[in-house]
Amino acid sequence: MRKFNLLTSGIMLVFITFIIPPQRGFAQTSVPKPEEHFGFVPGSDYMLFNYEQLIGYLEKLDKASPMLKLVENGQSPMGRKMYIAFISSEENINNLDRLREINKELALNPDLTEIQQAEYVKDGRVFFLATLSMHSTEVAPSQALPLIAYQLITTDDPLLKKYLDDVVYMVVPNHNPDGMDFVVENYNKYKGTQYEGASLPRVYHKYVGHDNNRDFVTLSQEDTKAISRIFDLDWFPQVMIEKHQMGSTSIRYYVPPTTDPIAENIDAELWAWTGIFGTNMLRDLTSEGLAGVGQKTLYDDYWPGSTETCIWKNVIGMLTEAASAREASPVYIEPNELQVGKGLSEYEKSINFPLPWPGGWWHLGDIVKLEIESTNSIIKTASLLKNDILKFRNDICKREVEKGKTEPPYYFVVPAEQADQSELIALVELMKEHGINTFQLTEDYTLNGINLKTGDIVYPLAQPFRAFLKEVMEKQEYPVRHFTPGGEIMRPYDITSWSLPLHRGLKSYEIKARDTGFETKLKPLTEVYNPLKSEYKLPAVFSVTSNGSFKASFIAMQKGLKVSRLNKEVSINGKAYAKGSFVIQGNEGEQFNNIVKESLTEPGFIEEPGKLELSAVSMPRIALVETYFHDMDAGWTRYLFDTYKLPFTVLHPDEFEKTDFVKNYDIVIFPGTGKNYLMTGKPGSETNPYMSSYHPDYIKGMGKKGLEKLMLFVNDGGKIISWGPSTDLFTGMLEITLDKEKKEEFMLPFSNVADQARKDGLLVPGSLIRMKLKKDHPLTFGMPEEVGVFYRGNPLFNTTVPRFDMDRRVIGAFAEKEILMSGYCEKEEKMAEKPAMIWIKKGKGEFILYSFNPQFRASTPATYKLLFNALLPFQTE
Ligand SMILES: [Zn+2]
């Protein structure tokens, strides 16, 4: 039903002001209007352009106008080119290299004199970075860009032209080009049908979908790397905004600042700046008559998203969130459907929400208008306060460096000798990608009673991105804040732990005393950190304590080399190799040296492999279960397996019935997806159903028949690996039909008691929890005796005494006390000593179940081995 057309609505008035042909020189008159390129005015109901069309238009503007320059900035995970469009005065566009140098000096040089600083402030420009539509269903920001760009480069408004003399607007036209094309294609497929607006039946990204905003510490994905590099290494913008959308029934537009809590490591003045920009947006949008703008509600600034990690690096980082239409289809919202959230208790005129929107039709064009006006507002604020903003950027750099010299901690040290060499090398390179200054110790040194060795990695806190460094190197303590004194706690928006050493299983020291003598023993590490040699010989042994050794073995097996595991610990050339370490034999040469390079792990040479007790291993045939329902955890698992070169086949639950598991697979993996999605493809639960947003073609699950097939696969010798909510598939009564006469019912010897624990007050929003591991077990090869696991409170396991052809072993259990290692948790004692990783036998087959995510968002390498070991066959006792 198309009751309302943008072209006849009041919204067109705004567009018309942009569409009046400019009266200036030749270049300007040749600037194509958006509708000439796209065939419609962007923001019109039911109309979306795709990524190629968007870039095509910006390329035309680049050719036609000296005020816009399109620069390539990396690649999306599926190989689409990513760009930054620089929009500013002609003079600034011609002067970008020089302006970039000024940005860098202001951002990174704590030693500028007052005179130098003042010069740079005078000559510099505010660089305002906007990243659009990282979440691909949040279509409006990218759809608004052609209008914004056209308006800026053709304006005759003397004020706006003055603003563009002061400000360089640098915009990433779309943060997630692959997802944009998926979503636009899907929208057009169902447009005009009963199912218009149906959700995309996959993640809107090669791997991680919405979690691309959860990758700004790990930087695992190509698109997040490209964005992060803009503010870490390349351009150092002073102001950054991410453009998002939220659901349809909240306030119309969220502008900064956020609610509490906020990250404690951040300079106080920076928070005030987010308030200044946000309040100016509120004022400008409201004065344009745009209702429904609110601030200090819904979102907090204590989690590691794109905005937040930007703030950790001294950028005035912000986001806006618009209420959504149904992609490009309008929605009608009744007043009683309007909702509020954290920071705004009533949908009424309030100090942070002074002009409530009354309800009614909501169009893509309404959001586009908000995008245009909020962008104009930021450009205006940046211009009006240009000198203050640029001075602030250098002041904060000076202050952070000074804090690093006067406030503990002073250094983080990561020893070069680690159980997992591959994670050490990866960490050092990651920190450099984040723009962190890295040093190496040039001689052995005793610091604070700790014996440090030549080559150890040192991060002095006295550096510009001190806040980032401190955030990611320390363990997290959630800043508890309440709505009223003694009242309800403000719950975390997202996860609460991201400590790199803990999540990666690396030893590190936080040094709380300053030692200037120590500082003279440090040399900057600017080249690639690579302690490996270029030539190694076979036969070779790889320590099981390194994740990279598994990678080396997975690659070697596929290259036809012989791979085995040590049956007992051996010492080779003075180095101990624990039980389960990998021995690789075969023809050496370039191929093997490439394997070592990929593994980031130094192998040992074996003189006489015949003398070792070895068990051969082979590559299992893996099915990885992914649902149609934006299954991010499955996507992350695909990413991990691709990275570790593990071959696998993706199976959707509705394909189970036609799949011959016994013939085709050794292992079936269930990442952390809810039982209902897996069984029926429906959201909600039997007692609390809600309607699916997917086309009926995709509302399908494995059904009872699929589950029974899976149980027969196990009974016959198959292996199931499952973690998080998907483990609920295997609780309760299960059934197999062995032949017409013979049916077997059984219950596996474990249960999920999370519901009761939650009622008793257990809250784990995404935290690192201490787990003790069973020693000397094939599932724990290479692991320390205790490790932090990433846990979200569900499931919570108990085991029971098994009957008949079943058995179970607890492989890992939560600690008895001091259970929380990093992050936030309430009533941690409710999980004390609970099984967290269980091995279960049924018939000839087995289950390996984890209550935690062993591979959470590719950010928990400390527990990857618990998954990798499970993939390789072993004998149990
Ligand atoms: Zn979003």
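See above for the structure.
Residues numbered from 1 in each chain as written. Predicted model: local features only at pLDDT ≥ 70, side-chain atom pairs only at ≥ 80, totals over all residues. Heavy atoms only, no water.

A. Molecular detail of the coordination of the zinc ion. Taken together, the protein donors to the zinc ion comprise H135 (ND1), E138 (OE), E138 (OE) and H244 (ND1), at separations of 2.1 to 2.5 Å. Given 4 donor atoms and angles of 55 to 150 degrees at the metal, the environment of the zinc ion is assigned as irregular. (Donors = N, O, S within 2.8 Å, 3.2 Å for Na, K, Ca; no water. Tetrahedral: all angles 85-135°; square planar, octahedral: opposite > 155°, others 65-115°.)

B. Summary view of the packing of aromatic side chains. Throughout the structure, instances matching the rule amount to 48 aromatic pairs. Relative to F353, the ring of Y347 has its centre 5.1 Å away and its plane inclined at 70 degrees; by these criteria the two rings are edge-to-face. Note on accessibility: Y347 and F353 belong to one class, buried. Geometrically, the ring pair formed by F670 and F730 is edge-to-face, given 5.7 Å between the ring centres and 75 degrees between the ring planes. One end of the pair, F670, is in strand 29 (residues 667–670); the other, F730, is in the loop between strand 30 (719–723) and strand 31 (733–737), and 60 residues separate them in sequence. Each residue in the set F656, F661, Y665, F670, F713, F730 and F847 is aromatic and connected to the rest through ring pairs, giving one cluster. (Phe/Tyr/Trp six-rings, centres within 6.5 Å; stacked < 30°, edge-to-face > 60°. Buried < 20%, exposed > 50% of the residue type's maximum accessible area, 1.4 Å probe, protein only. Helix = DSSP H or I, 4+ residues; strand = E, 2+ residues; numbered from the N terminus.)

C. Examining the side chain of D301 more closely. Here D301 is to be found in strand 9 (residues 300–301). Here D301 sits buried without a salt bridge, and the closest side chain of opposite charge, K342, lies 10 Å off (N-O distance). (Lys, Arg positive; Asp, Glu negative; His and termini not counted. Salt bridge = Lys/Arg side-chain N within 4 Å of Asp/Glu carboxyl O.)

D. Looking closely at the environment of D178. The topology assignment puts D178 in helix 10 (residues 177–190). Between the C-alpha atoms of D178 and I153, which are 25 residues apart in sequence, the distance is 28 Å. Among residues more than four places away in sequence, those in contact with D178 are S76, P77, M78 and R80. At 2.9 Å, the side chain of D178 forms a polar contact with the backbone nitrogen of M78. (Contact = heavy atoms within 4.5 Å. Polar contact = N/O pair within 3.5 Å; in protein donor to acceptor, adjacent residues only side chain to side chain.)

E. Main features of helix 27 (residues 864–871). The element helix 27 is largely enclosed, with a buried count of 8 among its 8 residues. Here helix 27 has its buried residues at Y864, K865, L866, L867, F868, N869, A870 and L871.

F. Spotlight on the sheet that holds strand 1 (residues 68–75). With mixed pairing, the 8 strands of this open sheet are ordered in space as 1-2-4-3-5-10-6-8. The open sheet has two free edges, formed respectively by strand 1 and strand 8 (293–294), since each of these has just one partner strand. Its contacts with the sheet put helix 9 (residues 158–166) on strand 2 (81–87), strand 3 (126–132) and strand 4 (167–172), and the angle it makes with strand 4 is roughly 80 degrees. Sheet contacts for helix 14 (residues 364–384): strand 3, strand 4, strand 5 (239–246), strand 6 (253–254) and strand 10 (316–323); angle to strand 5, the most-contacted strand, approximately 165 degrees. (Pairing = 2+ DSSP bridges. Axes fitted to C-alpha atoms, helices over the stretch in contact; angles between N-to-C directions.)

G. Layout of helix 14. Helix length check: helix 14, at 21 residues, gives a terminal C-alpha distance of 30 Å against a target of 30 Å (1.5 Å per residue), a fit within 8%. The element helix 14 is extensively covered by neighbouring structure, given that 19 of its 21 residues are classed as buried. (Expected span 1.5 Å × (residues − 1).)

H. Structural context of the pairing of strand 40 (residues 845–850). Counted residue by residue, strand 40 has 6 buried out of 6 residues, so it is predominantly covered. Residues G845, F847 and L849 point to one face of strand 40 and E846, I848 and Y850 to the other, with burial holding for every one of them. Taken together, the 5 bridges between strand 30 and strand 40 define a ladder with parallel strand orientation. Bridge pairing in strand 40 places I721 opposite I848. As judged from the 6 bridges shared by strand 39 (residues 835–842) and strand 40, these two strands associate in the antiparallel manner. Its bridge partner being in strand 40, I840 is matched across the sheet by F847. If you look at the hairpin formed by strand 39 and strand 40, you'll find 2 residues sitting between the two strands, and G843 has a positive phi there, around 60 degrees.

I. Just the pairing of strand 13 (residues 411–414), in detail. Of the two faces of strand 13, the one holding Y411 and V413 and the one holding F412 and V414 are both buried throughout. Of the strand pairs in this sheet, strand 13 and strand 17 (residues 457–460) are connected by 4 bridges, and their pairing is antiparallel. Bridge pairing in strand 17 links V414 to I457. Where strand 13 and strand 18 (residues 509–511) come together, 3 bridges link them in antiparallel fashion. For F412, the partnering residue across the bridge sits in strand 18 and is E510.

J. Seen up close, the side chain of N176. Within the element layout of this structure, N176 appears in the loop between strand 4 and helix 10. A distance of 2.8 Å separates a polar atom in the side chain of N176 from the backbone oxygen of Y204.

K. Broad picture of the pattern of salt bridges. The tally for this structure, following the rule as stated, stands at 44 salt bridges. The salt bridge partner of R481 is E264, with a shortest N-O separation of 2.7 Å. You can see R481 sitting in the loop between helix 17 (466–473) and helix 18 (500–504) and its partner E264 sitting in the loop between strand 7 (259–262) and helix 12 (268–287), a full 217 residues away along the chain. By relative accessible area, E264 is classed as exposed at 56%. Between K403 and E400 there is a salt bridge; the shortest N-O distance is 3.3 Å. Note that K403 and E400 are positioned in helix 15 (residues 386–406) at a spacing of 3 residues, about one turn of the helix. Here the two residues K403 and E400 agree in accessibility, since each one is buried. Taken together, the shared-partner salt bridges in this structure form one network comprising D211, R214, D494 and R857.

L. Representation of the environment of T249. Among the structural elements, T249 can be located in the loop between strand 5 and strand 6. Excluding residues that lie within four positions of it along the chain, T249 makes contacts with I333, E337, L338 and Q339.

M. Seen up close, the nonpolar core. Counting residues in each nonpolar core, the largest one holds 227 residues, and the members touching the most others are Y169, M431, Y459, I721, M831 and Y850. The greatest single-element share of this core, amounting to 9 residues, is contributed by helix 8 (residues 140–154). With residues up to four places along the chain from it excluded, the contact list for Y459 reads Y410, Y411, F412, V414, L427, V428, M431, I436, N437, T438, L469 and M473. Counting residues in each nonpolar core, the second largest holds 30 residues, with V625, L710, F713 and F847 among its members. (Core = buried A, V, L, I, M, F, W, Y, C linked by side-chain atoms within 4.5 Å.)

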